[in-house]
Amino acid sequence: MNEVYLEKPANSDTIDLRPLADDKALLKNPHKGWYIHYIDNGIVRPAYRDTIKDGDYLEDLPLINHLYLRVDWSDLEPEEGKFDWSYLDRIFDEWGSRGYKFSFRFCTYETPNPHATPEWVRLAGAKGTFVDPPETCPELRHWEPDYGDPVYLAKLERFIAACAEKYDGHPLVEFVDIGTFGTWGEGHTFAGTGKRYSADVLRIHADLHAKYFANTFLLVNDDFCHTAYLGGESSFGRDGAESALMLTDYLAARGMGARDDSICVAGYAKTYGYDTLRNGPFFDKFYKTAPVDIELEHFAAIADDVILDCFPFMEALKRSHATYAGFHGDPRVWYDRYRPFTEYMGNRLGYWYFLNRLDLPKCVSGLKTLAYLEVENRGLAPAYNPYTLKLRVRSNDSCHEIFTADGLNLGWDGKKEELLRLNFADVAPGRYQLELGLFESELPIKLALKQELYNDGWYRLCELDVE
């Protein structure tokens, strides 16, 4: 390493840390990055896990944070009150032991599964509609529930409560997105009855999730609030537009995050802007307090003049301040086609921390010293989980922690100056290496610093004289 960059400039207490930066290394950090659709359209449909060979855990594909599990109500509660978690337990054991996390959507209407809401719910008296089968599957006649029916909602609440008992606050679950309303859980009734619902019904579904998933991030789809716009008057407002805006504010005030299915849909690409987002400002309501998740369309079906080498996808991630991004399809095919883009965005999704400057006055043995550290987040979003920032001084003979900030809120957006109250009470006079580490419990958080500075969670910043 170049020691010239590590020394304080003459007659100055400022240490320039910018020459230590590394913006090329791929940093796999918690609570951010890419995910793959592992269960899509419920357990009955094998896509896209059927593209992954047994024993292949994709460990050579960088920056995959978690597996997205979109399961149907009937997958988990085939009989009333009798739950079967065995398939999900095997996935958690198999993939969780290899460092992966998970996210969920619990669906009640799917086109591949005629009874995503279990048949016993209908037989118990819940209202709903049989939807004519698609031409591709003439044998399937799907049952779409009335999403505001009291019988349906009472039984749905018990199901959500059971899911939360199993997964709320689970250390391997990143988020749950609200998917009990609408086709494919996307918050609309396209490819179903086309029936419109008011914001009052939508709020019930959101509140059910919020009531039981109190310790897990919840994400709401932009289509969910667009449905409120189409649904017209509600207790939120006199017309659909007012209802949609007020419902959006209501959900954001609950601390929810946001999601979009799907980017680069051909119709959206023709109708909306370059990023293909229908409502970019929607995400501004959510991203400062909870994560945003953006999902690409089924990429094998996207025309070249729509996907445009993923530039519209990149613009959507930037505009929405995304923390997570995913795609429909075979993960190995995706990486073969778009690996440079995937790696480029992997660091930028969520937080990406650089250290710019350390203002450090004279350090005296036995005394406290106030220092200032300038941190820069070059990622698309803040961090939403608490981390611990630590500094220590180390010599050949001793090592002393001089600063610890537990549960630090690192919601840094752009540049932020942090006050550090360094304590040299137990540090003898001498020359030391000053080292910094950022941790979630015992897990180190990687910083955009040169890799040769890193050792077991700690980065060497400079030499330090304690008088």
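Residues numbered from 1 in each chain as written. Predicted model: local features only at pLDDT ≥ 70, side-chain atom pairs only at ≥ 80, totals over all residues. Heavy atoms only, no water.

**Q** Got a minute to help me understand the overall build of the chain in this structure?
**A** Assigned secondary structure in the chain consists of 12 helices and 20 strands. Against the compact-globule benchmark of 23 Å for 467 residues, the chain has a radius of gyration of 25 Å, which places it among compact chains. Overall size of the chain, expressed as C-alpha extent along the three principal axes, is 80 × 45 × 45 Å. In the chain, of all internal contacts separated by at least 6 residues, the share reaching a separation of at least 24 is 77%. Working note: accessible area of the chain is about 19,900 Å², and carbon and sulfur atoms make up 48% of it. For the chain, the centre of its 51 positive side-chain charges and the centre of its 75 negative side-chain charges are spaced 2 Å apart. (Helix = DSSP H or I, 4+ residues; strand = E, 2+ residues; numbered from the N terminus. Rg over C-alpha atoms; globule rule 2.2 N^0.38 Å. Contact = heavy atoms within 4.5 Å. Areas by Shrake-Rupley, 256 points an atom, 1.4 Å probe, with all protein chains shown as cover. Lys, Arg positive; Asp, Glu negative; His and termini not counted. Charge placed at Lys NZ, Arg CZ, Asp CG, Glu CD.)

**Q** Would you mind showing me how to read the sheet that holds strand 13 (residues 368-377) here?
**A** Sheets are built from strands paired through backbone hydrogen bonds, the pairs being either parallel or antiparallel. Read across the sheet, four strands follow the order 1-12-13-16 without closing on themselves; strand pairing throughout is antiparallel. Edge positions in the sheet fall to strand 1 (14-16) and strand 16 (414-423), since each of these pairs with one other strand and no more. Between one strand axis and the next, the sheet turns through 30 degrees on average, direction left out of account. Relative to strand 12 (residues 353-359), strand 1 runs antiparallel, the two being bridged by three bridges. Paired with isoleucine 15 across the strands is leucine 358, a residue of strand 12. (Pairing = 2+ DSSP bridges. Axes fitted to C-alpha atoms, helices over the stretch in contact; angles between N-to-C directions.)

**Q** Before we go on, may I ask you to explain the packing of helix 5 (residues 199-212) against helix 6 (residues 222-231) in this structure?
**A** When two helices pack together, their arrangement is given by the angle between their axes and by how far apart the axes lie. Contact pair helix 5 / helix 6: the axes reach a minimum separation of 8 Å and the direction vectors enclose 155 degrees. Comparing the axis directions of helix 5 and helix 6 gives the class roughly antiparallel. Here helix 5 contributes Ala199, Leu202, His205 and Ala206 to the contact with helix 6, which in turn contributes Phe224, Thr227 and Ala228. Class assignment for the residues of the contact of helix 5 with helix 6 results in five nonpolar, two polar and no charged. (Parallel < 35°, antiparallel > 145°, perpendicular 65-115°, else oblique. Nonpolar A, V, L, I, M, F, W, Y, C, P; charged D, E, K, R; others polar.)

**Q** Got a minute to help me understand the pattern of salt bridges in this structure?
**A** A side chain of one charge can pair with a side chain of the opposite charge when the charged atoms of the two come close. In total, this model carries 36 salt bridges according to the counting rule given. One salt bridge connects lysine 195 with aspartate 146, and the closest N-O pair in it is separated by 3.3 Å. In this pair, lysine 195 is assigned in the loop between strand 7 (173-177) and helix 5 and aspartate 146 in the loop between strand 6 (142-145) and helix 4 (150-167), connecting sequence segments 49 residues apart. Look at lysine 195 and you get partly exposed, because its relative accessible area is 38%. Residues joined in a network through salt bridges with shared partners are Arg105, Asp177, Arg259, Asp261, Asp293 and Glu295. (Salt bridge = Lys/Arg side-chain N within 4 Å of Asp/Glu carboxyl O. Buried < 20%, exposed > 50% of the residue type's maximum accessible area, 1.4 Å probe, protein only.)

**Q** Explanation requested: the pairing of strand 20 (residues 458-466) in the structure shown.
**A** Where a strand is regular, its side chains alternate between the two sheet faces. Sheet analysis places strand 17 (residues 430-440) next to strand 20, joined by seven bridges and oriented antiparallel. Paired with leucine 434 across the two strands is cysteine 462, which belongs to strand 20. Where strand 19 (residues 454-455) meets strand 20, two bridges bridge the pair, whose relative direction is antiparallel. Paired with asparagine 455 across the strands is tryptophan 458, a residue of strand 20. Hairpin remark: strand 19 followed by strand 20, antiparallel, with two residues in the connecting loop; positive phi at aspartate 456, about 55 degrees.

**Q** Mind showing me how you'd approach the confidence of the model for the chain here?
**A** The predicted coordinates of low-pLDDT regions are not to be read in fine detail. Looking at the chain, the pLDDT average stands at 93 and 94% of residues meet or exceed 70. Ignoring residues within four places in sequence, the model shows residues 1-12, a span with pLDDT below 50, making 14 contacts including any to other chains. (pLDDT = per-residue confidence, 0-100.)

**Q** Could you clarify how one ought to interpret the packing of aromatic side chains in this entry?
**A** Each aromatic ring pair is described using two quantities: the centre-to-centre distance and the angle formed by the ring planes. Per the stated rule, a full pass over the model turns up 43 aromatic pairs. Between phenylalanine 92 and phenylalanine 104, the ring centres sit 6.1 Å apart and the planes meet at 20 degrees, which makes this aromatic pair stacked. Of this pair, phenylalanine 92 sits in helix 2 (residues 86-96) while phenylalanine 104 is found in strand 4 (residues 101-107), placing the two residues 12 residues apart along the sequence. Just as phenylalanine 92 is buried, phenylalanine 104 falls in that class too. Stacked on the ring of tyrosine 57, the Lys or Arg arginine 98 has its end atom at 3.7 Å from the ring centre. (Phe/Tyr/Trp six-rings, centres within 6.5 Å; stacked < 30°, edge-to-face > 60°. Lys NZ or Arg CZ within 6 Å of the ring centre and 35° of its normal.)

**Q** Can you help me understand the nonpolar core in this one?
**A** Soluble globular proteins tend to pack their nonpolar side chains together in the buried interior. If you look at the biggest cluster of nonpolar residues, it comprises 95 residues, and the most contacted ones within it are Phe313 and Trp334. If one sorts the elements of this core by residue count, helix 4 sits on top with nine residues. Residue contacts for tryptophan 334: discarding those within four places in its chain leaves Trp34, Leu296, Phe299, Cys310, Phe313, Phe327, Arg339, Phe341 and Thr342. Listed in part, the 37 residues of the second largest apolar core include Phe424, Leu438, Tyr459 and Val466. (Core = buried A, V, L, I, M, F, W, Y, C linked by side-chain atoms within 4.5 Å.)

**Q** I'm lost on the sheet that holds strand 10 (residues 292-298) in this one. Help?
**A** Around the barrel, which closes on itself, the eight strands sit in the order 2-3-4-7-8-9-10-11 with parallel pairing between neighbours. Across the sheet, the axes of successive neighbouring strands diverge by a mean angle of 25 degrees, strand direction being ignored. On top of the sheet, helix 12 (residues 331-348) reaches strand 2 (33-39), strand 3 (64-72), strand 10 and strand 11 (324-328); it is set at about 155 degrees to strand 2, its chief contact.

**Q** So what exactly am I meant to see when it comes to helix 12 here?
**A** Structural remark: α-helix, 3.6 residues per turn; residues separated by three or four positions point the same way. The end-to-end C-alpha distance of helix 12, which contains 18 residues, comes to just 20 Å, noticeably less than the 26 Å that a straight helix rising 1.5 Å per residue would cover. The sharpest bend along helix 12 comes to roughly 90 degrees, located at tyrosine 338, with the proline proline 340 sitting one to four residues further on. For helix 12, the full list of buried residues reads Pro331, Trp334, Tyr335, Tyr338, Phe341, Thr342, Met345, Gly346, Asn347 and Arg348. Where helix 12 begins, the side chain of aspartate 330 points an oxygen toward the backbone nitrogen of arginine 332, at a separation of 2.9 Å. Backbone geometry just after helix 12 places glycine 350 at a positive phi near 70 degrees. (Expected span 1.5 Å × (residues − 1). Bend = angle between axes of the 7 residues up to and from the residue. Polar contact = N/O pair within 3.5 Å; in protein donor to acceptor, adjacent residues only side chain to side chain.)

**Q** Any chance you could explain the environment of arginine 238 here in plain terms?
**A** With respect to the helices, strands and loops of the structure, arginine 238 is situated in the loop between helix 6 and helix 7 (240-253). Considered as a pair, arginine 238 and arginine 98 are 140 residues apart in the sequence and their alpha carbons are 51 Å apart.

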